[in-house]
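# Examining the three-dimensional arrangement
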Amino acid sequence: MYLSKLLLKAYGQFNSREVELKEGINLVYNKDRSKRRSFRDFIVSMLYGSYGRSLFGIGEDVHGERKPYGNDYKGAMYVNEDGKTYLVERTFLTGAPKTSVLDLASGKQEDSKGMNPLPEHMVALDRSTYKTGLVIDDDASSDEEVIDDALLADRTRSFIKNVTETGCADIDFDASIEYLREMKNKKNAQPMVRRLNELTRRIDTYESVDKDIDGIEDEIKKLDEDFAIEAAKRKRVARRMIQNEDGSVTYEVDKELNKKIDMLAETGQDMMSKPKEKGEVKFTDRLPVIFGMGLLIIIIVAAVVFMLPFEGPVKKLFVIFTVIFVIFTIVDGLRINGFFDSGDITPTDEDFKMVLQEIEEEKEEKEAIEFDMTFAKEYAEQKEALRNKESALLDKRRERNQLQAEFNTVFKKKSELEDESYAITAAMNQLIAERDRMKAERLPKVTAHIGDHISEITGGRFDDIRLDRDYNISVSKGGVLSEMSELSDSDKRLVYLAVRFGLSEAFVTSDAPLIVLDMLDGMGREAAANVMKVISRARSRQQVVITSDPDLKGMLEYLGVSFNYAEI
């Protein structure tokens, strides 16, 4: 498979740019590093689609970095595969990504939404394997970062480690585990446990509050009963002595006084009533809502009536009766809910005292009445004391309920944190198991192929590459080992290239364009010739060498290398 033409319609810094490519080696030149890397990303994005940064922030955000200004973000390319030519078009906009593949010979077109890879018969490699084996660059994480050859020893070690343990050069297993460990630490539930223990201790101090309230209620009930009995007794003795004509004495009940005693008993039962917690008025009981709903009903009915084919007077009568009905309904509802009540019906402590005072005054005026009202005063004082105690207990119960509500909230949060922590731990264990499995599968391939090209690329100065258990790299010549970190900068670049080509041999089993970015820039003629020999013998039918070195074109011509040249 190879690409014959790239159409960078709106991608990165490119706008309506066409680039012709050929089968074999293509040398693509531009001085701007950002444009060179954007060109590389365009090829990968056209083959596999373009995505934003992953959840874990892995790799560079190619999709965001390459989005141009304006409303267009798209491209196209011609792909030659198995004697057929296909036109591939992609729209990369986040809100409406889509892909179309047109067979130019048959005219058959397949459209799909999203950023799906090309069909397997065109690109059989997965994205990770393609970028690992066939996109060879300095592994910098951004356009601004340029990796010096002196740093390539660490980059090479990291690259091999990531590819071996995770299958992707962009994913650092240790960094991923550390990220999950930090997330787990943030989900620590111990502060919640300490708060729950404190709340439990405080709630326990209110353990008997409900029982105490019930006891106070029983005392008040008994006091009311005793008072009612005593008041009835007082009614029997509240009488006037009358001297009859025959000289006998009778007693006449003072009805007016008895009536006031009844009032006294009634007010005694209701005064200083049990404190009630104020509740919020329901939304549907608020006056604006009630009147608003009434108005809405009138408007809806009027609209329906005027749409029906009735005569004008009939419509008006219908609306008038609807208005009257709604008004009566609202007024009746307000009456039922006590809106028109004065709020002074329930006797109060002042009512009790006033009635008691009237009885005392009448007692002084009517010396014949033998009536002791001290029991009523004692009753009032006892009941007031009980109500005060009850009010204090109700305050405690409210405090207890608030603590219990907080306890429930904290307990729920603790449970959520524990569940999340458990899930993170399970994910870490799964990652470790997957790393071990992948390492056992891939490490033999890495060690078998890592040194395939070292002799050819270095002109025979080294003949093998070795890895230790920490992925530190050493090169050898005749069995004599040298650590990569001790090599010259130019040799580090060559070893890095040899490792990358070796990994390509290990994992790339299907044809796809090989991309080499900036790795031949400033390289000596002999070293460039050795590298180009390896590139030309690659499994890929097409090799794209992207460079900023203006002398590389002349060097390849001098070496007799056949290539297609394009400037972007």
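All of these numbers come straight from a predicted model, not from anything done at the bench.

Rules of the game
- Residues numbered from 1 in each chain as written.
- Predicted model: local features only at pLDDT ≥ 70, side-chain atom pairs only at ≥ 80, totals over all residues.
- Heavy atoms only, no water.
- Helix = DSSP H or I, 4+ residues; strand = E, 2+ residues; numbered from the N terminus.
- Contact = heavy atoms within 4.5 Å.
- Pairing = 2+ DSSP bridges.
- Axes fitted to C-alpha atoms, helices over the stretch in contact; angles between N-to-C directions.
- Buried < 20%, exposed > 50% of the residue type's maximum accessible area, 1.4 Å probe, protein only.
- Salt bridge = Lys/Arg side-chain N within 4 Å of Asp/Glu carboxyl O.
- Parallel < 35°, antiparallel > 145°, perpendicular 65-115°, else oblique.
- Nonpolar A, V, L, I, M, F, W, Y, C, P; charged D, E, K, R; others polar.
- Expected span 1.5 Å × (residues − 1).
- Polar contact = N/O pair within 3.5 Å; in protein donor to acceptor, adjacent residues only side chain to side chain.

### Focus on the overall build of the protein chain
In terms of helices and strands, the protein chain carries 16 helices and 16 strands. Here the analysis covers contacts within the protein chain between residues at least 6 apart in sequence; of these, 70% occur between residues at least 24 apart.

### With respect to the sheet that holds strand β1 (residues 2-11)
Ordered by their spatial adjacency, six strands build an open sheet running β2-β1-β4-β5-β6-β7, and the pairing between neighbours is antiparallel. The open sheet has two edge strands, β2 (14-20) and β7 (109-113), and neither has a second partner. Averaged over all pairs of adjacent strands, the angle between strand axes in this sheet comes to 10 degrees, irrespective of strand direction. When β1 meets strand β4 (residues 74-81), the two strands line up antiparallel, connected through six bridges. Bridge assignment links alanine 10 to a residue of β4, and that residue is lysine 74. The sheet contacts of helix α1 (residues 33-48) involve β1, β2, β4 and β5 (84-91), and relative to β1 the element is tilted by about 110 degrees.

### Side note on the side chain of serine 45
Mapped onto the secondary structure, serine 45 falls in helix α1. Look at serine 45 and you get buried, because its relative accessible area is 1%. Residues within four places of serine 45 in sequence aside, it is in contact with Tyr11, Ser50, Val62, Arg90 and Phe92.

### Digging into the pattern of salt bridges
Per the stated rule, a full pass over the model turns up 38 salt bridges. In this structure, aspartate 149 engages arginine 493 in a salt bridge whose closest nitrogen and oxygen atoms are separated by 3.2 Å. Of this pair, aspartate 149 sits in the loop between β8 (135-136) and α4 (152-166) while arginine 493 sits in helix α14 (residues 489-507), and the two are 344 residues apart along the sequence. Comparing aspartate 149 with arginine 493, the two get one shared label, buried. Close ionic contact of glutamate 418 with lysine 414 constitutes a salt bridge, the shortest N to O distance being 3.0 Å. You can see glutamate 418 and its partner lysine 414 sitting in helix α12 (residues 374-449), four residues apart, about one turn around the helix.

### Some thoughts on the packing of helix α15 (residues 525-536) against helix α16 (residues 551-559)
Packing of α15 against α16 leaves a shortest axis separation of 10 Å and a crossing angle of 70 degrees. With respect to each other, α15 and α16 are oriented roughly perpendicular. Between α15, through Arg525, Ala528, Ala529 and Met532, and α16, the contact on the second element is made entirely by Met555, Leu556, Tyr558 and Leu559. Its residues assigned to classes, the contact of α15 with α16 comprises seven nonpolar, no polar and one charged.

### A short note on the sheet that holds β8
Strand order in the open sheet made by the five strands is β8-β14-β15-β3-β16, with parallel pairing throughout. Of all the strands in the sheet, just β8 and β16 (564-567) have a single pairing partner and so form its edges.

### Considerations on the environment of lysine 445
Structurally, lysine 445 can be placed in helix α12. Under the relative-accessibility criterion, lysine 445 is labelled partly exposed at 38%. Residues lysine 445 and threonine 164 lie 281 residues apart in sequence; the distance between their C-alpha atoms is 9.1 Å. Those residues in contact with lysine 445, other than ones at most four positions away along the chain, are Ala506 and Phe507.

### A look at α1
Compared with the 22 Å implied by 1.5 Å per residue over 16 residues, the 23 Å span of α1 between its first and last C-alpha is a close match. For α1, a buried count of 15 out of 16 residues is recorded, marking the element as mostly surrounded by other parts of the structure. Among the residues of α1, the N-terminal cap falls to aspartate 32, whose side-chain oxygen and the backbone nitrogen of serine 34 are separated by 2.8 Å. Directly after α1, the chain includes glycine 49, whose backbone phi takes a positive value near 90 degrees.

### Observations concerning the pairing of β5
For a regular strand, the rule is simple: side chains alternate between the two faces of the sheet. Bridge analysis of β4 against β5 gives eight bridges, and the strand direction is antiparallel. Among the inter-strand pairings, glutamate 81 is bridged to a residue of β5, identified as lysine 84. The turn linking β4 back onto β5 is made up of two residues, and aspartate 82 within it adopts a positive phi angle of 55 degrees. The antiparallel pairing of β5 with strand β6 (residues 98-103) creates a hairpin that spans six residues between the two strands.

### Here we look at the pairing of strand β3 (residues 24-29)
Taken across its six residues, β3 has six buried, putting it largely inside the fold. Where β3 and strand β15 (residues 542-547) come together, six bridges link them in parallel fashion. Opposite asparagine 26, over in β15, you have valine 544 as the bridge partner. As judged from the four bridges shared by β3 and β16, these two strands associate in the parallel manner. Looking across to β16, one finds that asparagine 26 is bridged to asparagine 564.

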